[in-house]
Every structure is written in C-alpha cells, then in structure tokens.
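Given next are the chains, with one letter for each unit.
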Amino acid sequence: MFNAATHYRIDYPDLSLILALVRGGTLARAAALLRVDVSTVFRAVRRLEAALGQTLFEKSRAGYLPTGLASNLAQQAERAEQALEAARVGVEQGGEVISGTVRLTCTDSVLQGLLLPALAQFMPQYPALTLELSTSNDFANLSRRDADIALRLTRTPPEHLVGRCLGAVTYQVCASPAYARLHEGRALADLAWIGPDDFLPDHPTVAWRREHLPGVRLSYRCNSMLSVTELVRAGLGVAALPDFLLGDGLHPLGPALAGHDTALWLLTRPDCRALRSVVTLFDELGRQVQLPGR
C-alpha cells in the first residue's frame, strides 16, 4: 500500500504488527503473538505511525484501540495471512489449494444435530479454507449478502436463492425416559409442554400443537429449538422435536406428526456459484450432511 503523503510503503511485517495489536489489544499480548518483547512492539508502532503520519491506535484503560485506518489495515493483513497460508499448504500438498473465507448460516439445532458431524468429516481436508458460522432463523442474511451458504428447514425456500433439498425432516413428541415413566398413561394435554416462543410462530410443531392441543399452555418457552431439546432431555416436560435431534436421553411418545413435516434445504446466492471456495463447501455439505434414514 502506497501512502502519497509520506511516500512510505507498508510491507508485510507492518501488517503483521498491526494485526497482532488489533488481535491482542495490549502490547503484552501483541508481543506474545509476535514472539518479541513489549518494548519492541511499542517502538515499532511509534515508528510506523511516524512514517505514515497518522495515528493507528488510541491508548485507553482497556488497552490499544485501533483507529479506522488500523482496522482496515488489519483486514488486509488477515487476507494476506490467509493467502500466505494457502501458498504454504499448496507447496506441501503439491497442488491447487481451496482457500478463502466462506460465511455459513443455519439454526442452532441444525448446527448441533447435522452440520457439526458433517464438518468433522471433510473440513480437515481444507486447511486453507476459513469458515465463519452464524446461527439465525431467517433468510435475510443471505439476501443482505451477510452469508454465502445457508442450511434451512423450510418447505418453500425463497425463489431468489438456489440450492438443493437434502431430504425430509419429521417431528415427534418426546420426553426423557424418566419423565415418560413417571407420567405413563397420561394424556398429552395434561403434560408439561416445552416449545419455542414467538420467534418461530409458524414452526411446524407450533402449528401441530395449535391444531391438536389448542388448550395447552406452555410451561417453558425457549428462543431456540436446541434449548427446547435440552429442557426435554433434562426431564422438565415434553416437546415435538425434529428427528435429527432424537437420540440418547429422548423417548418418543408416538409416531411422527402427520402432515407437519418439513425439509432441509442447502441454499446459496446465484452470484456465489462463481466462487470456488463456496462451490467446494456447498458440494461437500450436499454429500456429507446426513439426515435420519437417508
């Protein structure tokens, strides 16, 4: 990067210095990241600021706070760091390397029940690929370009996204084995119910409960289906749960909820199909995400 005012050319050690101080937040942590002493970091920052003629960090009680310039340079430094790592991996493997950052969004239940086992299968094969994960329940983040890939439970994916259906997902009313034994023979409507709060008003389990158990009052409301599952597992009541979360500690109280199933969709934006990192991750997820019975 060329600074017209000072004629100083920033090089990779400068970027590494800025990135270490942004990540560390203090001279001591930055020195540890760079494997030098604190005084070396302090002098290097002062020299760089003098050469640029601009302030990079503001000193505060919390440590060293980056200015806008330092934050922008740190982002460039991260990209340079990733490119260097990709080059090293390419040399070691003797071929082309998939590198870059891919942003993926899904619900916390999909992350826990389906995505993590899949990632464990193939991500070690892509050491130069960085994955940014976020949990969310809507499609807005793809529309706003905040994410590149989404795993979503829906019957009707948005038309502006492209992707594939990975299979059907059913729901069953479940309890812990101890809760099921304690309340054996009681009607479902008489049990303590756990369910999602207003964040998922149209969830298949909510629609089923409104249709079949309209008088039931929830004893526990949760802001995620994973939390609902953990409360059931703890023996606090019953809930309708997706089949991919069923396992040890959960006892089905009946068959799948007829007419209230959904599907798992793997989705991306049309413009992302030109990015090899996104296409690679998309294809791997399509192969490795395993739904029950698939």
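Everything below is about the structure shown above.
Residues numbered from 1 in each chain as written. Predicted model: local features only at pLDDT ≥ 70, side-chain atom pairs only at ≥ 80, totals over all residues. Heavy atoms only, no water.

Some remarks on the overall build of the protein chain
The condition is simple: The secondary structure listing takes helices from DSSP runs of H or I that are at least 4 residues long and strands from runs of E that are at least 2 residues long, numbered from the N terminus. Accessible surface is estimated by sampling points in the Shrake-Rupley manner with a 1.4 Å probe; for residues, cover comes only from the protein chains shown.
A count of helical and extended segments in the protein chain gives 10 helices and 14 strands. Accessible area for the protein chain stands at about 15,500 Å²; split by element, carbon and sulfur atoms hold 51% of it.

Considering the packing of helix H1 (residues 12–24) against helix H2 (residues 27–34)
Axis angle and axis distance: for two packed helices, these are the angle between their axes and the distance between the axes, and together they describe the pair. Just so we agree on the cut-off: To get an axis, fit a line to the C-alpha atoms, keeping to the stretch in contact for a helix; angles then go from 0 to 180 degrees between the N-to-C directions. Note on terminology: angles under 35 degrees are roughly parallel, angles over 145 are roughly antiparallel, angles of 65 to 115 are roughly perpendicular, and the others are oblique. For a crossing to be left-handed, the near helix must be turned anticlockwise from the far one by less than a right angle; the clockwise case is right-handed. Contacts were defined at the residue level, with two residues in contact if any of their heavy atoms lie within 4.5 Å. Ten residues, namely Ala, Val, Leu, Ile, Met, Phe, Trp, Tyr, Cys and Pro, are considered nonpolar, four, namely Asp, Glu, Lys and Arg, are considered charged, and the remaining ones, Gly among them, are considered polar.
Interaxial distance between H1 and H2 falls to 8 Å at its minimum, and their mutual angle equals 130 degrees. With respect to their mutual orientation, H1 and H2 come out oblique. Seen along the crossing, H1 lies across H2 with a hand that is right-handed. Residues Ser 16, Leu 17, Ala 20, Leu 21, Arg 23 and Gly 24 of H1 form the contact with H2, whose own contacting residues are Leu 27, Arg 29, Ala 30, Leu 33 and Leu 34. Grouping the constituent residues of the contact of H1 with H2 by class yields seven nonpolar, two polar and two charged.

Describing the pattern of salt bridges
Test applied: By salt bridge we mean one thing: a side-chain nitrogen of Lys or Arg within 4 Å of a carboxyl oxygen of Asp or Glu. Think of it in three bands: residues with accessible area under 20% of the maximum for their type are buried, residues over 50% are exposed, and the middle band is partly exposed, with areas taken using a 1.4 Å probe on protein chains only.
Scanning the entire structure with this criterion turns up seven salt bridges. When the shortest N-O distance is used, the salt bridge between Asp 148 and Arg 269 registers 3.7 Å. In this pair, Asp 148 is assigned in the loop between helix H6 (140–143) and strand E7 (149–153) and Arg 269 in the loop between strand E14 (262–268) and helix H10 (276–288), connecting sequence segments 121 residues apart. Take Asp 148 and Arg 269: they sit in the same class, and that class is buried. Between Asp 271 and Arg 269 there is a salt bridge, with the nearest N and O atoms lying 3.0 Å from each other. Take Asp 271: its relative accessible area is 36%, and that puts it in the partly exposed class. The structure contains a network of salt bridges with shared partners spanning Arg 103, Asp 148, Arg 269 and Asp 271.

Description of the pairing of strand E3 (residues 57–60)
Our working definition: Only when DSSP finds a minimum of two bridges between them are two strands counted as paired.
Judged from the four bridges that link them, E3 and strand E4 (residues 63–66) form a sheet pairing that is antiparallel. From the neighbouring strand, Ser 60 faces E4, where its bridge partner is Gly 63.

Comments concerning the sheet that holds strand E5 (residues 100–106)
With mixed pairing, the five strands of this open sheet are ordered in space as E6-E5-E7-E14-E8. Because the sheet does not close on itself, it has two edges, and the strands there are strand E6 (129–135) and strand E8 (162–169). Neighbour to neighbour, the strand axes of the sheet diverge by 15 degrees on average, direction disregarded. As defined by bridge partners, E8 adjoins E14 across seven bridges and the pair is classed as antiparallel. By the bridge assignment for E14, Val 162 is matched with Thr 268.

With respect to H1
Keep this limit in mind: Multiplying 1.5 Å by the helix residue count minus one yields the expected span of that helix.
Here H1 spans 18 Å end to end across 13 residues, near enough to the 18 Å set by a 1.5 Å rise per residue. Along H1, the residues that are buried comprise Asp 14, Leu 15, Leu 17, Ile 18, Leu 19, Ala 20, Leu 21 and Gly 24. The first or second residue beyond H1 is Gly 25, which carries a positive phi of 85 degrees.

Quick notes on the nonpolar core
Quick reminder of the rule: Joining through side-chain atoms within 4.5 Å is the link that ties buried Ala, Val, Leu, Ile, Met, Phe, Trp, Tyr and Cys residues into a set, and such a set is a nonpolar core. Where each domain starts and ends comes from a domain assignment, either automatic or drawn from a database.
Judged by nonpolar contacts, the single largest core of 44 residues is most densely connected at Ile 149, Trp 193, Leu 264 and Leu 285. Elements with a contribution of two residues or more to this core: E5, helix H5 (108–122), E7, E8, strand E9 (171–175), helix H7 (177–182), E14 and H10. Among the elements that make up this core, the one with the highest residue count is H5 (seven residues). Summarising the domain contributions, this core has at least three residues from each of domain 2 (98–168 + 263–288) and domain 3 (171–260).

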